[in-house]
Amino acid sequence: MLKRRDFLRATLVTAGALVVPACGDGPETINPLDDERELADGSEYFPQSVASGDPRPGSVVLWTRVQDGAADLDLEVEVATDAGFAQRVALDAGQAKVKALARHDHCVKVKVRGLAAGTVYYYRFIYVKGGTSYVSRVGRTKTAPAEEADVKVRFAYVSCQDYVGRYYNTYLALAQEELDFFVHLGDYIYETDGDPSFQSTTGRRVVFTDLAGSISLGDGDGAYHAARSLDNYRELYRTYRSDANLQKVHESFPMIATWDDHEFSNDCFGATATYFDGRQDETDADRRKAANQAWFEYQPVDYGDVELDPDAALPDEFHIYRDFVFGRHVHLVMTDLRSYRPDHLIPEDAFPGRVALDQPKLVAELGEVPAVALPYVDVETYGDGIYAPVLTGAAETVGYDPAEVTGNISVAFINEIVAAANEGLPEDTQIPLIDAAEAGLERGIAYVDFGKINAYGMIGSRYFTAKDTFDIYAAIRYKETQGASEAMMGAEQEAWFLDTMEGSKATWKVWGNEFCLVQLAVDLSPYSLPAQFKRSFYTTTDAWDGFRNKRDELLERLVGLGGVVAITGDVHAFYAGTPGPSGDPTKKIVELVGGAVSSASFREILTSQVSSDPTLRGLPGAAALALSIDTLLTSPETKINPHLAHANSNAHGYVVVEASGQELVADMRSIKATEAQTDYSGRIGDLKISSKRFRTLPGESELYADDGGAWKRWDPTTQAWV
Ligand SMILES: [Fe+2]
């Protein structure tokens, strides 16, 4: 039981008056009074504990959720400059007493204003029931330093915290750090309760109470659910936030969060999901709204109506991109790369045989037919139309719509279908294959040439898309649509982003960026694989590699600013590099990619893709290639990703950044990927954490790595540390 001072007297002192420091020395504090009220442990009423977020020089957002029946509940808020709450901050009445509304799942957010800059504060919530005052745990938070302050800023960043069968050892370690704040780059929740393609089937679980409101996916042993209803999404936050290590981190530091895809749906764009790969329209505005509302209720983020005003309707759209200034040296610019982006460039439901760029188009756009273009024919007229019925006949077995068998179709695709149809037939009844070398055949790029294997599928669309053909197609589409094909941020956010970055006076312009800028392609041509695999592929075109023309355009604007550092999540791997517009290795920014908190590592996902895909499974050497992904990505022989300097695709953890007027140092603190399924709570001493440090200096965009105490510089031209 704790002593506390008279809440009523405190609010009377300050009723109606927002206490703002007159000359920047901080708010008034209330002297200890002779309050005899006892405080009881309120753990059962505050099952998600407390959190704070979006620190600014004079304010911070405080969060909690109270759980006790269905009615709206009254809460009191206390803020102090000491952990014992002897020096309390005088809050105005609206901030000291708040309502936890049933219609917001009893989540409460309070933006406390009038605070001193660069100052640690403690806060707690009190719930009075039956004459007893139940108190939450005490949270610690810190306001941002004043804009003109010449101070070192120390923060961490994280992403991707899959809860299913996995443990937050990363947060166990992070809670031990001394930080001003931490950044969450998305995938704070995963919307599924056990997607076998990347989630565990053993260990702790997510269970949807409103199963009828969820989406049923997979079948048989692989059946699982995805959140759809508001209750589903809220339950995810409640479940994830029940983790003691995550709670400890929230109780220790303010968070600045953006979202990536899984706060709504895997590989989403706007309100559209991608579970069915184009077999059905997955646009669901109600689902997106539910996901956004739960995020808004549960995250201590500051925009619009942070206090969940009982009279205010939630906005239809959530503009979550925003920026933060931490003294003279750090300007953190957080983007939203999921809400406004267009669909993936290669549609998941593209018929593989269909020609996407025909010969006249290629000649018109490029002035020639590129070497990667391959022969095609008009399936209705070529060979007196004998191929069309074969393709139509095979449609059901191969899995495409027979109505697609029209117009220009890839010769290689036709021949594969014909060869399969000929199997077992007497030679004189077989249909002849088309001679691809036949004179006069036009050449173009079909969807199969992007690596598209199936009529409805992500391979060749959002994953493992062939690089050479994709580059040609993306450039033509970009030109044709005046950039709309890759408008990742949408026009309004993009203009704000560039203005903010270009207008920033901070030493470090830190971009909180959801997914990799640095190219992550693999060149498989040196390996003994079937011909169609002996080429270069983007590992994913859901991220910036699939929006490469827009990326170049943005980077072209950023490279000249100096001190631009992208901090990145999403890929479940630690990478460091110097992305820049294509073609000129001297123009660059610095990017530091942090591994997942707990989600399956990039290497684990690749190896499981190979073992579960029927085509890849049978491919000799494919499993070994997936295991050596870091060698493939950084290979100095293929020089496929000249901007990628460091790769560790099989670890979890976080990155700590220390930024001053002299340097920015990032420490990638990693834990072996296999440890995520073991809970190290209570025995952190047994947890092995490795450190890999990088540095960059003001006024240049060079990346240095700590090599046994000496800083070595990355040279993208020679692909070596020098
Ligand atoms: Fe993730």
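Refer to the structure printed above.
Residues numbered from 1 in each chain as written. Predicted model: local features only at pLDDT ≥ 70, side-chain atom pairs only at ≥ 80, totals over all residues. Heavy atoms only, no water.

Chemist: Pulling in residues and values, what's your account of the overall build of the protein chain?
Modeler: Check the secondary structure of the protein chain and you find 16 helices and 37 strands. Relative to the 2.2 N^0.38 estimate, which gives 27 Å for 722 residues, the radius of gyration of the protein chain is 28 Å and therefore close to what a compact globule would have. In terms of overall dimensions, the protein chain has a C-alpha envelope of 105 × 55 × 50 Å along the principal axes. Here the protein chain, with 722 residues, has 58% of them falling under the buried criterion. Put simply, 74% of the contacts in the protein chain that link residues at least 6 apart link residues at least 24 apart. (Helix = DSSP H or I, 4+ residues; strand = E, 2+ residues; numbered from the N terminus. Rg over C-alpha atoms; globule rule 2.2 N^0.38 Å. Buried < 20%, exposed > 50% of the residue type's maximum accessible area, 1.4 Å probe, protein only. Contact = heavy atoms within 4.5 Å.)

Chemist: Can you explain the environment of Asp707? Please cite residues and give values.
Modeler: Inspection of the secondary structure puts Asp707 in strand β35 (residues 704-707). Separated by 14 residues in sequence, Asp707 and Trp721 place their C-alpha atoms 9.3 Å apart. At 3.1 Å, the side chain of Asp707 and the side chain of Lys712 are in polar contact. (Polar contact = N/O pair within 3.5 Å; in protein donor to acceptor, adjacent residues only side chain to side chain.)

Chemist: Outline the pairing of strand β28 (residues 564-568), supporting the account with residue identities and numerical values.
Modeler: Counting buried positions along β28 yields five of five residues, so the element is predominantly enclosed. Of the two faces of β28, the one holding Val564, Ala566 and Thr568 and the one holding Val565 and Ile567 are both buried throughout. Pairing between strand β25 (residues 508-513) and β28: five bridges, direction parallel. Each bridged residue has a counterpart across the sheet, and for Lys509 the counterpart in β28 is Val564. Examined bridge by bridge, β28 and strand β30 (residues 590-593) share four bridges and lie parallel to one another. When the sheet's bridge partners are listed, Thr568 is paired in β30 with Val593. (Pairing = 2+ DSSP bridges.)

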